[in-house]
Amino acid sequence: MNDVNDTNTLCVPALRKTGRKKETVAMLLAGGQGSRLGALTEKMAKPAVPFGGKYRIIDFALSNCTNSNIDTLGVLTQYQPLELNSYIGNGHPWDLDRINGGVYVLPPYMSAKAGEWYRGTANAIYQNISFIEQFNPEYVVILSGDHIYKMDYSLMIDFHKEKGADATIAVQQVPIEEASRFGIMVTDENQRITAFEEKPPVPTSNKASMGVYVFTWPILRNYLIQDENDPGSSNDFGKNIIPAMLACGNPMYAYTFNDYWKDVGTIESLWEANMDLLSSESTLNLYDANWHIYSRNPGMPPHYASRDANISESMVTEGCEVSGTVTNSILFAGIRVDRNSTIKNSVIMPNTIIGSGSFINYAIVAEDVTIGCDVKFKGSSSSLITVIGPGAVIPDGSVIEDGARISADDAIRLFGEVR
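Residues numbered from 1 in each chain as written. Predicted model: local features only at pLDDT ≥ 70, side-chain atom pairs only at ≥ 80, totals over all residues. Heavy atoms only, no water.

K.L.:
Go over the overall build of the chain with me, naming the residues and quoting the values.
P.N.:
Counting secondary structure elements, the chain contains 9 helices and 31 strands. The globule rule puts the C-alpha radius of gyration for 419 residues at 22 Å, and the 23 Å found for the chain is close to it. In the chain, which comprises 419 residues, the share counted as buried stands at 54%. Accessible area of the chain: about 18,300 Å², with a carbon and sulfur share of 47%. With 33 positive and 48 negative side-chain charges, the chain shows a separation of 4 Å between the mean positions of the two kinds. (Helix = DSSP H or I, 4+ residues; strand = E, 2+ residues; numbered from the N terminus. Rg over C-alpha atoms; globule rule 2.2 N^0.38 Å. Buried < 20%, exposed > 50% of the residue type's maximum accessible area, 1.4 Å probe, protein only. Areas by Shrake-Rupley, 256 points an atom, 1.4 Å probe, with all protein chains shown as cover. Lys, Arg positive; Asp, Glu negative; His and termini not counted. Charge placed at Lys NZ, Arg CZ, Asp CG, Glu CD.)

As structure tokens, then:
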């Protein structure tokens, strides 16, 4: 195998430096389809899905960058990018509208000869080598756009420097029975990674990769080029880049992160993360003045609770009009809950209407949904979360089964056009 630390072994021309040197550039992978979120992601990328009353999932990674003093960030989009691109805009809500640096939305690369979708996480970064090279960084931080957590990346970068690492991977210890869902690492007493396996059927460790990486850029650049030239590669960090670096003996370390972190790639985990905000025992604090989570949130009037309203253990965002009962639930902006309706253990996303006499339990209801009067969600268990997709109309008197997944088109097929 070629010495990947020798840039002369790879036939890649040197790119012109712009003089806009940044010590660190972050690359945020936000192009995933999110198929496990079903109706919620039929028309939007997973990182654009609303979360926590006034946020979207991507707000956490963007805010982490701002709070970690990383001001140069590429957001790699692909699947249904329109809403996500519009949401990010020029990056102003996250203080990322910079003349030197800032946030850049990076769709799949198109050249004069051809263009192609991102084939994997490593290929997505490979296609944007020219973007990274503009800033001549020493380090590149690779992030995922579908995790809920608050993390100071600067501490992880300091750890990377202190260890003299070529790669540092953020890890959390997970229950051993759940470890097979993650990339799992074995480390020595100095936290150096000695073994790595992507989603092993029989895990030998419970140190799970969070999908947060710090790489020394010249080293990663060479591995990306080498991986791209391998026709048998999946072009993936977990399956290809990390095992290749480990096989070559590059110094790789695990950085332990002990605070709140959740991958919200499934309906169940998205619901759980929203419910965690309502728990007095949760370590996910959105009211921490020292680590603000920024968002692009349209201004609305204050929320209103009528004399008939009964709200407990819930988050209710501006612009809501509540005349019913809301318990252990999260209401995004602009929601109307009519009299004699009950919402329990649910997440109701922006601009949704809940008609009088309706009952909703253990559900995620997406944006711009209309729930008619006297609609009943059976809602008997947190293991069967019901999902109503964006723009769906559920007519008066409907009964929704446990665990149903109903998009706007499904609603038309099931109930017909509602006028």
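K.L.:
So, the environment of Pro 231: which residues are in play, and what are the values?
P.N.:
Among the secondary structure elements, Pro 231 is positioned in the loop between α6 (217-228) and α7 (237-247). Put simply, Pro 231 and Ile 330 are 99 residues apart on the chain and 47 Å apart in space, counted from C-alpha to C-alpha.

K.L.:
How would you explain the side chain of His 160 if you had to name every residue and give the values?
P.N.:
Tracing the chain through its elements places His 160 in helix α5 (residues 153-163). A polar side-chain atom of His 160 sits 2.9 Å from a polar atom in the side chain of Thr 216. Ignoring any residue separated from it by four or fewer positions in sequence, one finds His 160 in contact with Tyr 139, Ala 165, Asp 166, Ala 167, Thr 168, Val 214, Phe 215 and Thr 216. (Polar contact = N/O pair within 3.5 Å; in protein donor to acceptor, adjacent residues only side chain to side chain. Contact = heavy atoms within 4.5 Å.)

K.L.:
Got a sec to walk through the packing of aromatic side chains? Specific residues and values, please.
P.N.:
Scanning the entire structure with this criterion turns up 14 aromatic pairs. Summarising the aromatic geometry, the rings of Phe 159 and Tyr 255 are spaced 5.4 Å apart at their centres and angled 65° between planes, so their arrangement reads as edge-to-face. Of this pair, Phe 159 sits in helix α5 while Tyr 255 sits in strand β12 (residues 252-256), and the two are 96 residues apart along the sequence. Residue classification places Tyr 255 among the buried residues on the basis of a relative accessible area of 14%. Aromatic rings pair up to connect Phe 51, Tyr 55 and Phe 60 into one cluster. Taking the ring centre of Tyr 87 as reference, the NZ or CZ of Arg 56 above it sits at 5.3 Å. (Phe/Tyr/Trp six-rings, centres within 6.5 Å; stacked < 30°, edge-to-face > 60°. Lys NZ or Arg CZ within 6 Å of the ring centre and 35° of its normal.)

K.L.:
Hey, could you go over the environment of Gly 334 for me, with residue numbers and the actual values?
P.N.:
With respect to the helices and strands, the residue Gly 334 is situated in the loop between β19 (330-331) and β20 (336-337). Exposure remark for Gly 334: the relative accessible area of 22% places this residue in the partly exposed category. As a C-alpha pair, Gly 334 and Asn 351 span 17 residues in sequence and 4.6 Å in three-dimensional space. When sequence neighbours within four positions are dropped, the list of residues in contact with Gly 334 reads Met 300, Glu 318, Gly 319, Cys 320, Asn 351 and Thr 352.

K.L.:
I'd like to hear about the pairing of strand β4 (residues 72-76), residue by residue, with values.
P.N.:
Across the 5 residues of β4, 5 count as buried, placing the element largely inside the fold. Here β4 shows a buried face lined by Thr 72, Gly 74 and Leu 76 and a second buried face lined by Leu 73 and Val 75. As judged from the 4 bridges shared by strand β1 (residues 24-29) and β4, these two strands associate in the parallel manner. Following the sheet pairing, Met 27 is matched in β4 by Gly 74. As defined by bridge partners, β4 adjoins strand β5 (residues 102-106) across 5 bridges and the pair is classed as parallel. In the sheet register, Val 75 faces β5, and the bridge partner there is Val 105. (Pairing = 2+ DSSP bridges.)

K.L.:
Kindly report on the sheet that holds strand β28 (residues 386-388), identifying the contributing residues and their values.
P.N.:
One open sheet accounts for 6 strands, arranged β16-β19-β22-β25-β28-β31; its pairing is parallel. Strand pairing shows two members of the sheet lacking a second neighbour, β16 (315-316) and β31 (405-406), which therefore form its edges. The sheet contacts of helix α8 (residues 267-276) involve β19, β22 (347-348), β25 (363-365), β28 and β31, and relative to β25 the element is tilted by about 90°. (Axes fitted to C-alpha atoms, helices over the stretch in contact; angles between N-to-C directions.)

K.L.:
Quick rundown of the sheet that holds strand β23 (residues 353-354)? Include the residues and the values.
P.N.:
Strands in a sheet are paired, the pairing made by backbone hydrogen bonds, and the direction either parallel or antiparallel. In space, the 6 strands of this open sheet follow the order β14-β17-β20-β23-β26-β29, with parallel pairing throughout. The sheet terminates laterally at β14 (304-305) and β29 (393-394), the two strands that pair on one side only. Looking at chain direction, β20 and β23 are connected through 2 bridges and run parallel. Among the inter-strand pairings, Val 337 is bridged to a residue of β23, identified as Ile 354.

K.L.:
Account for the environment of Glu 318, with residues named and values stated.
P.N.:
Tracing the backbone shows Glu 318 in the loop between β16 and β17 (321-322). For Glu 318, a relative accessible area of 21% translates into the label partly exposed. Here the alpha-carbon distance between Glu 318 and Gly 372, two residues 54 residues apart in the chain, equals 22 Å. Those residues within four positions of Glu 318 in sequence are excluded, and the remaining contacts are Asn 297, Pro 298, Met 300, Pro 301, Pro 302, His 303, Ala 333 and Gly 334.

K.L.:
Any details on the pattern of salt bridges? Residues and values, ideally.
P.N.:
Oppositely charged side chains can pair when the atoms bearing their charge come close. Inspection of the entire model under this criterion finds 16 salt bridges. For the salt bridge of Arg 181 with Glu 178, the shortest nitrogen-to-oxygen distance reads 3.6 Å. For Glu 178, a relative accessible area of 34% corresponds to the partly exposed category. Through salt bridges with shared partners, a single ionic network connects Lys 22, Asp 71, Asp 95 and Arg 98. (Salt bridge = Lys/Arg side-chain N within 4 Å of Asp/Glu carboxyl O.)

K.L.:
Account for α6, with residues named and values stated.
P.N.:
Taking 1.5 Å per residue as the helical rise, α6 with its 12 residues ought to reach 16 Å, and the 16 Å between its terminal C-alpha atoms agrees with that figure. Most of α6 sits out of view: 10 of its 12 residues are buried. Along α6, the residues classified as buried are Trp 217, Ile 219, Leu 220, Arg 221, Asn 222, Tyr 223, Leu 224, Ile 225, Asp 227 and Glu 228. Where α6 is buried, its residues contact α3 (121-126), α4 (129-133), β6 (139-144), β11 (207-216) and α7. (Expected span 1.5 Å × (residues − 1).)

As far as function goes, none of this settles anything; it's purely spatial.
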